[in-house]
Amino acid sequence: SSGINAECGEFQTFQHYFKQINLRMGDSLTFNIDNGYFDGLVRGFRSGILKRNDYHNLVECETLEDLKLHLQGTDYGPLLANDPSPLMVQTIDERLKERLVHEFTHIRNQCTAPMSEFLDYITYGYMIDNIILLITGTLRNRPIMELLPRCHPLGKFDELATISIAQSPAELFNAVMVDTPLAPFFKECVQDENDLDEMNIEILRNKLYKTYLEDFYAFCVELGGVTAEVMCPILAFEADRRAITITINSFRTDLLKDDIENLYPTCGTLYPEGLKFLKNAEDREEVRRILDRYGAYKDLHTGVGDGPNDKTLEDRFFEEEVKILSLAFMDSFHLGVFFAFVKLKEQENRNIVWIAECIAQKNKSKVENYIPIF
């Protein structure tokens, strides 16, 4: 009997191994038929990401005009050539976003399913932030037309112009429920639009992200192959980051422990035991002790503190995210490179804007506090 069980176990192991080989062979044989051009394109874009030497040149700049000159010697080329002096940090930020959106849209407009669906999922996170921004603004009696320019361009969609006529949070909510790609997420997360206030808006944001991440994770699992192997750890990290952040932000609030737990995405490595511990944490030190039990997050708080030269927890998350995303380019024949590229370029944009802010404010004591990528 034990011999038969052992043979069955070996056979199941062989079946699993053979299935993985088939998935990888299938990816390598068919991926390039529809996606080979775009894969080559995004890997070419990736090669233009700033290196450490580029950042060294940027932090040495004394004015934004110097920074503009140095950027011309990189893959950005004449990005700021048509912007007159004096150059503003906001202008640099807008041009960087426009560049990323142009590259992303060029690929999205030409690709076919399932890659088109995958790229749509990337934009949903930005859409959530945009919709929450609009709802929060209307709660504060801000005109929607005044808020639209502040929306992230990757999160804009055709129906955004339609919902801009809403005059109240309830009208905006109803428009979102009908006219946007986020409607399925909203229907799952919101029961009554009359409950919308600033506290509930943040809860809504977290519920939407929870639903979005779990749905994206399930989509990647369904795609299978190398895409699932690459994307599932990336999305699991994002789920864990959100759970940790929600826990810390919930301190000194009236949220019940069970309500906090309901905001946690369930596709991370902390699920389920880690999330049970987190919901009962009472302070940051307890969160640190919980994370020490997990190898991936054991060193997360290294260098974190309140001193002038210390890092924030958000900085450490960004550093870890860059490491995970960079690994996506080590594999071939998968869609994860498109997600990794967008997020790495977003980090690069934050780096450039941070350096530009330090230069503009003539306060370069913290100009080195950027997060290098390669």
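Residues numbered from 1 in each chain as written. Predicted model: local features only at pLDDT ≥ 70, side-chain atom pairs only at ≥ 80, totals over all residues. Heavy atoms only, no water.

(A) The arrangement of the overall build of the chain in detail. Helix and strand counts for the chain come out as 16 helices and 0 strands. For the chain, the residues scored as buried account for 48% of the 374 residues in total. The long-range share in the chain, meaning contacts at least 24 apart out of those at least 6 apart in sequence, stands at 64%. Looking at the chain as shown, the accessible area adds up to about 19,300 Å², and 51% of this sits on carbon and sulfur atoms. (Helix = DSSP H or I, 4+ residues; strand = E, 2+ residues; numbered from the N terminus. Buried < 20%, exposed > 50% of the residue type's maximum accessible area, 1.4 Å probe, protein only. Contact = heavy atoms within 4.5 Å. Areas by Shrake-Rupley, 256 points an atom, 1.4 Å probe, with all protein chains shown as cover.)

(B) Looking closely at the layout of surface pockets. Roughly 550 Å³ of volume is contained in the second largest pocket. Lining the second largest pocket are 23 residues, with Thr312, Asp315, Trp354, Asn369 and Tyr370 sitting closest to its centre. Here the lining of the second largest pocket takes 6 residues from helix H16 (residues 336-360), the largest share from any one element. When grouped by side-chain class, the residues that make up the lining of the second largest pocket number 6 nonpolar, 8 polar and 9 charged. (1 Å grid on protein atoms, 1.4 Å probe; cavity = no way out; pocket = protein on both sides within 12 Å on 5 of 7 lines; lining within 4 Å. Points joined across faces, edges and corners; volume = space filled by probe spheres on them. Nonpolar A, V, L, I, M, F, W, Y, C, P; charged D, E, K, R; others polar.)

(C) Representation of the nonpolar core. Counting residues in each nonpolar core, the largest one holds 91 residues, and the members touching the most others are Phe118, Phe216 and Phe338. Take this core: its biggest share by element is 14 residues, from helix H5 (residues 115-139). Membership of the second largest hydrophobic core comes to 22 residues, among which are Ile203, Tyr294, Tyr297 and Leu300. (Core = buried A, V, L, I, M, F, W, Y, C linked by side-chain atoms within 4.5 Å.)

(D) Local environment of the side chain of Lys345. Within the element layout of this structure, Lys345 appears in helix H16. Classification of Lys345 by relative accessible area gives buried; the value is 3%. When sequence neighbours within four positions are dropped, the list of residues in contact with Lys345 reads Ile49, Tyr76, Leu100 and Glu103.

(E) Structural view of H16. With 25 residues, H16 should cover 36 Å at 1.5 Å per step; its first-to-last C-alpha distance of 36 Å lies within 8% of that length. Among the residues trailing H16, Lys362 stands out with phi positive, at a value near 55°. (Expected span 1.5 Å × (residues − 1).)

(F) Examining unusual backbone geometry more closely. Cis rather than trans, the peptide bond between Ser85 and Pro86 has omega equal to 0°. With respect to the element layout, Pro86 can be found in the loop between helix H3 (64-72) and helix H4 (89-108). The backbone of Phe333 shows a phi angle near 60°, a positive value even though the residue is not glycine. In this fold, Phe333 is placed in the loop between helix H15 (313-327) and H16. A relative accessible area of 27% places Phe333 in the partly exposed class.

(G) Summary view of the packing of aromatic side chains. Applying the stated rule across the entire model yields 15 aromatic pairs. Judged by centre distance (5.4 Å) and plane angle (65°), the ring pair of Tyr121 and Tyr124 falls under edge-to-face. Taken together, the positions of Tyr121 and Tyr124, both in helix H5 and 3 residues apart, correspond to about one turn of that helix. The buried category is assigned to Tyr124, whose relative accessible area is 16%. (Phe/Tyr/Trp six-rings, centres within 6.5 Å; stacked < 30°, edge-to-face > 60°.)

(H) Empty space enclosed by the protein, seen in detail. Under the definition given, this model contains 1 cavity of 30 Å³ or more. Taken as a whole, the largest cavity spans an internal volume of roughly 50 Å³. In terms of lining residues, the largest cavity is bounded by Val42, Glu103, Phe104, Ile107, Leu119, Phe338, Phe341 and Val342. For the lining of the largest cavity, the secondary structure elements donating two or more residues are H4 and H16. Its residues placed into classes, the lining of the largest cavity shows 7 nonpolar, no polar and 1 charged.

(I) Looking closely at the confidence of the model for the chain. Looking at the chain as a whole, the pLDDT averages 87, with 86% of positions reaching at least 70. Note that residues 14-23 has pLDDT below 50 and, in this model, 2 contacts with residues that lie over four places away or in other chains. (pLDDT = per-residue confidence, 0-100.)

(J) Highlighting the environment of Cys220. Looking at the secondary structure, you find Cys220 in helix H10 (residues 198-223). Judged by relative accessible area, which is 0%, Cys220 ranks as buried. Between the C-alpha atoms of Cys220 and Leu335, which are 115 residues apart in sequence, the distance is 9.3 Å.

(K) Representation of the side chain of Lys68. Along the polypeptide, Lys68 turns up in helix H3. Salt bridges are absent for the buried Lys68, whose nearest opposite-charge side chain, Glu65, sits at 4.3 Å. Other than its neighbours up to four places away in sequence, Lys68 contacts Leu80, Ala81, Asp83 and Leu87. (Lys, Arg positive; Asp, Glu negative; His and termini not counted. Salt bridge = Lys/Arg side-chain N within 4 Å of Asp/Glu carboxyl O.)

(L) Quick look at H3. All of the buried residues in H3 are Leu64, Leu67, Lys68 and Leu71. The arc enclosing the buried residues of H3, seen along the axis, measures out at 100°, which places them on a common side. Packing partners of the buried residues in H3 comprise helix H2 (52-59), H4 and H16. (Arc of directions from axis to C-beta.)

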